[in-house]
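Here is how the chains run, residue by residue.
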Amino acid sequence: MDSLDSKGLLQQPRQAPPVGRVLRILLGIVLMVYVTPVHFQVPVRVAMGSLLLVLGLIGVYSLIHIVVSRRIVAFGSCLGAVVANGLLIALYVAGGSGLPIFGQGKGQLAAVTFFGVSLVVAGVRAPAGCELMAIPGVLFGKHTELACLIFSPLDRLERKLRSKRDV
């Protein structure tokens, strides 16, 4: 019994707390409700380009997952989070330009779609850390230890409040 309890305690920090999970799912659903009608209102070329960019994002974040999980490059948790979020922000900004691949809204639509789906997947799976790595986590069956710029501090606060309440 003690080994089960200690195993549960060791795994607890890797799981997002309940309020954090709900917030991830709610924000993901709000983004998906916001972005789904846009896919049907934009020209087919833009919608298809956006969906191809989402597939590309899954590939890039899967590559980041491999690099981080196998420790090929020594990324700290926070540096990895900045790189992961910076990539999505760069795609969103490039989406507002006239660039052929990313521009005319394709990058923005892809970034918001990918982020919304990632949030829902992260909320359902409950890994603590970077939500952008949730889809590669499902594909590889392993969680990536990267911090989340938004939810990690909230998760830490929730754990702290719960531990005070339990004492």
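Just so we're clear, the structure is a prediction, and the values are computed from it rather than from any experiment.

Undergrad: Explain the overall build of the chain to me, and be specific about the residues and the numbers.
TA: A count of helical and extended segments in the chain gives seven helices and zero strands. Starting at the N terminus, the α and β elements of the chain follow one another as α-α-α-α-α-α-α. A buried classification covers 38% of the 167 residues belonging to the chain. Taking the intrachain contacts of the chain between residues at least 6 apart in sequence as the baseline, contacts between residues at least 24 apart amount to 66%. Accessible surface for the chain amounts to roughly 9800 Å². Of this, 71% is attributable to carbon and sulfur atoms.

Undergrad: Explain the side chain of Ser-50 to me, and be specific about the residues and the numbers.
TA: Mapped onto the fold, Ser-50 is located in helix α3 (residues 44-69). For Ser-50, a relative accessible area of 0% translates into the label buried. Apart from the residues lying within four places of it in its own chain, the contact partners of Ser-50 are His-39, Lys-106, Leu-109 and Ala-110.

Undergrad: An account of the confidence of the model for the chain is requested, with residue identities and associated values reported.
TA: Chain-level pLDDT for the chain is 80 on average; 86% of the residues reach the 70-or-more range. In the predicted structure, residues 1-12 sits below a pLDDT of 50 and forms one contact with residues beyond four places in sequence or in another chain.

Undergrad: Any chance you could break down the pattern of salt bridges for me, citing the residues and the numbers?
TA: Under the counting rule described, the total for this entry stands at one salt bridge. Residue Arg-24 pairs with Glu-131 through a salt bridge whose shortest N-O separation is 2.6 Å. Pair noted here: Arg-24 is in helix α2 (residues 18-41) and Glu-131 is in the loop between α5 (106-125) and α6 (134-140), with a separation of 107 residues, a long-range link. Each member of the pair, Arg-24 as well as Glu-131, is classed as buried.

Undergrad: An account of the environment of Leu-63 is needed here, citing residue identities and associated values.
TA: On the secondary structure map, Leu-63 appears in helix α3. On the basis of relative accessible area, Leu-63 is assigned to the exposed category, the value being 53%. Sequence separation between Leu-63 and Pro-136 is 73 residues, and the spatial gap between their C-alpha atoms is 8.6 Å.

Undergrad: Describe the nonpolar core, and please don't skip the residues or the numbers.
TA: Ranked by internal contacts, the top residues of the largest apolar core, which has 17 residues, are Tyr-61, Leu-88, Phe-114 and Leu-132. Counting residues per element, the ones that place at least two in this core are α3, α4 (77-95) and α5. Ranked by residues supplied to this core, first place goes to α3 with six residues. Not counting chain neighbours up to four residues away, the residues in contact with Tyr-61 comprise Ala-84, Leu-87, Leu-88, Phe-114, Leu-132, Met-133 and Pro-136.

Undergrad: An account of empty space enclosed by the protein is needed here, citing residue identities and associated values.
TA: Per the stated rule, a full pass over the model turns up one cavity of 30 Å³ or more. Taken together, Arg-125, Pro-127, Cys-130, Met-133, Ala-134, His-143 and Thr-144 make up the full set of residues lining the largest cavity.

Undergrad: Give a detailed account of a nonpolar patch on the surface, specifying residues and quantitative values.
TA: A contiguous nonpolar surface patch, about 520 Å² in accessible area, is contributed by Val-19, Leu-23, Val-82, Leu-149, Ile-150 and Leu-154. With relative accessibility at 46%, the residue Val-19 sits in the partly exposed group.

Undergrad: Please set out the packing of α3 against α5 residue by residue, giving values where relevant.
TA: When two helices pack together, their arrangement is given by the angle between the helix axes and the distance between those axes. One way to put it is that α3 packs onto α5 with a least axis distance of 8 Å and a crossing angle of 55°. One element, α3, and the other, α5, form an angle in the oblique class. Our pair here, α3 against α5, has a crossing hand that is right-handed. For the pair α3 and α5, the contacting residues are Arg-45, Val-46, Gly-49, Ser-50, Leu-53, Val-54, Leu-57, Ile-58 and Tyr-61 in the first and Lys-106, Gly-107, Leu-109, Ala-110, Thr-113 and Phe-114 in the second. Taken together, the residues of the contact of α3 with α5 break down into nine nonpolar, four polar and two charged.

Undergrad: Let's hear about α2: which residues, and what values?
TA: Across its 24 residues, α2 extends 36 Å between first and last C-alpha, which sits within 8% of the 34 Å expected from 1.5 Å per residue. Within the sequence span of α2, burial applies to Gly-20, Arg-24, Gly-28, Leu-31, Val-35 and His-39.

Rules behind the numbers
- Residues numbered from 1 in each chain as written.
- Predicted model: local features only at pLDDT ≥ 70, side-chain atom pairs only at ≥ 80, totals over all residues.
- Heavy atoms only, no water.
- Helix = DSSP H or I, 4+ residues; strand = E, 2+ residues; numbered from the N terminus.
- Buried < 20%, exposed > 50% of the residue type's maximum accessible area, 1.4 Å probe, protein only.
- Contact = heavy atoms within 4.5 Å.
- Areas by Shrake-Rupley, 256 points an atom, 1.4 Å probe, with all protein chains shown as cover.
- pLDDT = per-residue confidence, 0-100.
- Salt bridge = Lys/Arg side-chain N within 4 Å of Asp/Glu carboxyl O.
- Core = buried A, V, L, I, M, F, W, Y, C linked by side-chain atoms within 4.5 Å.
- 1 Å grid on protein atoms, 1.4 Å probe; cavity = no way out; pocket = protein on both sides within 12 Å on 5 of 7 lines; lining within 4 Å.
- Points joined across faces, edges and corners; volume = space filled by probe spheres on them.
- Patch = residues over 30% accessible without salt bridge, like charges linked within 9 Å, V, L, I, M, F, W, Y side chains within 5 Å.
- Axes fitted to C-alpha atoms, helices over the stretch in contact; angles between N-to-C directions.
- Parallel < 35°, antiparallel > 145°, perpendicular 65-115°, else oblique.
- Left-handed = near helix turned anticlockwise from the far one by under 90°.
- Nonpolar A, V, L, I, M, F, W, Y, C, P; charged D, E, K, R; others polar.
- Expected span 1.5 Å × (residues − 1).

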